[in-house]
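# Geometric and topological summary
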Amino acid sequence: NRSSGKQGTAIAVEAAARGAKVTLVSTVPAAVPPGVDVVRVESAAEMQAAVEARYDDADIVVMAAAVADFRPVRAADHKIKKENGVPEVVLERTPDILAGLGQRKRPDQVLVGFAAETTDLRANAAAKLARKGADLIVANDVSQPQVGFEHDTNAVVIIGADGAEVEVPLSDKRQVAVAVLDAALRVRSAAVRRSPGTQQPGTE
Ligand code: C5P
């Protein structure tokens, strides 16, 4: 799809600038500062494996990737010859990486998802937040000009499972990253207070 990876990269860059230990799992890693550990993947299955392998060590996970929802059941090993007629491509669902993480989330972990919507932004995003078991959902109305895929700017509403809502008007993706991480740290601080034994953000 047309996702550029710019929003995910901006979040990785902002988190690293704040002193976090960051791993960026991406199909399209752009320029990232030294210190950000980049894991390059191609398929949804590779992204799932890379993310799940690192999940237990993560305090905050942000899933900004626009993962394909379907993949072919079978990939051809050789060139498909046109003499054999038009092939039928049978699709299956890809794993929902975010929902899988939501199911095994520790109380002290913060899970952030994205929702690109074209209608009923808040209602659809809130339903997605609950369905995926995330703590925060970053909703963008991709029918608006200059919002979302490929652009350098984004306009979002960050909705919390606790009911909190932060609106970020059309801004540079780095500014959106600032707001996303501020919201994630707010949730993390509350989670840490409820889970004695885990470290306060900023003390690691
Ligand atoms: O269900 P939908 O694709 O709209 O949800 C978007 C959110 O779910 C994003 O955070 C995206 O990274 C994540 N997602 C995922 N695995 C998929 C599809 C979406 O983790 N197969």
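Our subject is the structure that appears above.
The following paragraphs examine the structure supplied in this document. (Residues numbered from 1 in each chain as written. Predicted model: local features only at pLDDT ≥ 70, side-chain atom pairs only at ≥ 80, totals over all residues. Heavy atoms only, no water.)

We now examine the site of the ligand. In the vicinity of the ligand there are 14 residues, among which Met63, Ala65, Pro95, Leu98 and Lys128 approach most closely. A distance of 2.6 Å is found between an oxygen atom of the ligand and a backbone nitrogen or oxygen belonging to Ala65. The protein chains hide 86% of the 450 Å² of surface that the ligand would expose on its own. Contributing elements (two or more residues each) for the shell around the ligand: helix H3 (97-103), strand S6 (110-117) and helix H4 (121-132). Residues of the shell around the ligand, tallied by class, amount to 8 nonpolar, 2 polar and 4 charged. (Near = heavy atom within 4 Å. Polar contact = N/O pair within 3.5 Å; in protein donor to acceptor, adjacent residues only side chain to side chain. Areas by Shrake-Rupley, 256 points an atom, 1.4 Å probe, with all protein chains shown as cover. Helix = DSSP H or I, 4+ residues; strand = E, 2+ residues; numbered from the N terminus. Nonpolar A, V, L, I, M, F, W, Y, C, P; charged D, E, K, R; others polar.)

So, about the pairing of strand S8 (residues 153-160). With respect to burial, S8 is a largely interior element, 6 of its 8 residues being buried. By the bridge criterion, 5 bridges tie strand S7 (residues 136-141) to S8 in an arrangement that is antiparallel. Residue pairing for S8: Leu136 is matched across the bridge by Gly160. In this structure, S8 lies alongside strand S9 (residues 165-172), joined through 6 bridges in antiparallel fashion. Paired with Val157 across the two strands is Glu167, which belongs to S9. Count of turn residues in the S8/S9 antiparallel hairpin: 4 residues, of which Gly163 carries a positive phi of about 95°. (Buried < 20%, exposed > 50% of the residue type's maximum accessible area, 1.4 Å probe, protein only. Pairing = 2+ DSSP bridges.)

Let us now look at the sheet that holds S6. Pairing is mixed across the open sheet formed by 5 strands, whose spatial order is S3-S6-S7-S8-S9. Every interior strand has two partners, whereas the edge strands, strand S3 (60-63) and S9, have only one. Direction aside, neighbouring strands of the sheet carry axes that sit 20° apart on average. Relative to S6, S3 runs parallel, the two being bridged by 4 bridges. Bridging across to S6, Val62 finds its partner in Val112. (Axes fitted to C-alpha atoms, helices over the stretch in contact; angles between N-to-C directions.)

Let us now look at the packing of helix H1 (residues 6-17) against helix H5 (residues 173-194). In helix packing, the relevant descriptors are the interaxial angle and the interaxial distance, both defined with respect to the helix axes. Between H1 and H5, the least distance of the axes is 8 Å, while the angle of their chain directions is 60°. Considered as vectors, H1 and H5 are oriented oblique to each other. As for the relative orientation of H1 and H5, their crossing is right-handed in sense. Note on element contacts: H5 touches H1 through Lys173, Arg174, Val176, Ala177, Val178, Val180 and Leu181, opposite Lys6, Gln7, Ala10, Ile11, Val13, Glu14, Ala15 and Ala17. Per-class residue counts for the contact of H1 with H5 are 10 nonpolar, 1 polar and 4 charged. (Parallel < 35°, antiparallel > 145°, perpendicular 65-115°, else oblique. Left-handed = near helix turned anticlockwise from the far one by under 90°. Contact = heavy atoms within 4.5 Å.)

In total, this model carries 15 salt bridges according to the counting rule given. Arg18 is the salt-bridge partner of Glu14, the closest N and O atoms lying 2.7 Å from each other. Judged by its relative accessible area of 10%, Glu14 falls in the buried class. Salt-bridge contacts for Arg186 lead to Asp162; the nearest nitrogen and oxygen are separated by 3.1 Å. Of this pair, Arg186 sits in helix H5 while Asp162 sits in the loop between S8 and S9, and the two are 24 residues apart along the sequence. Via salt bridges that share partners, Glu14, Arg18, Arg174 and Asp182 belong to a single interconnected network. (Salt bridge = Lys/Arg side-chain N within 4 Å of Asp/Glu carboxyl O.)

Moving on, we come to a nonpolar patch on the surface. Where nonpolar side chains cluster on the molecular surface, the patch consists of Phe70, Val89 and Leu91 and spans about 320 Å² of accessible area. We classify Leu91 as partly exposed; its relative accessible area is 49%. (Patch = residues over 30% accessible without salt bridge, like charges linked within 9 Å, V, L, I, M, F, W, Y side chains within 5 Å.)

By the secondary structure assignment, Asp108 is in the loop between H3 and S6. Of the residues examined, Asp108 reaches a relative accessible area of 7% and is grouped as buried. Polar contacts involving the side chain of Asp108 include one to the side chain of Arg106, which spans 2.9 Å. When residues no more than four places from it in sequence are discounted, the contact partners of Asp108 are Asp59, Arg188, Ala191, Ser195 and Thr198.

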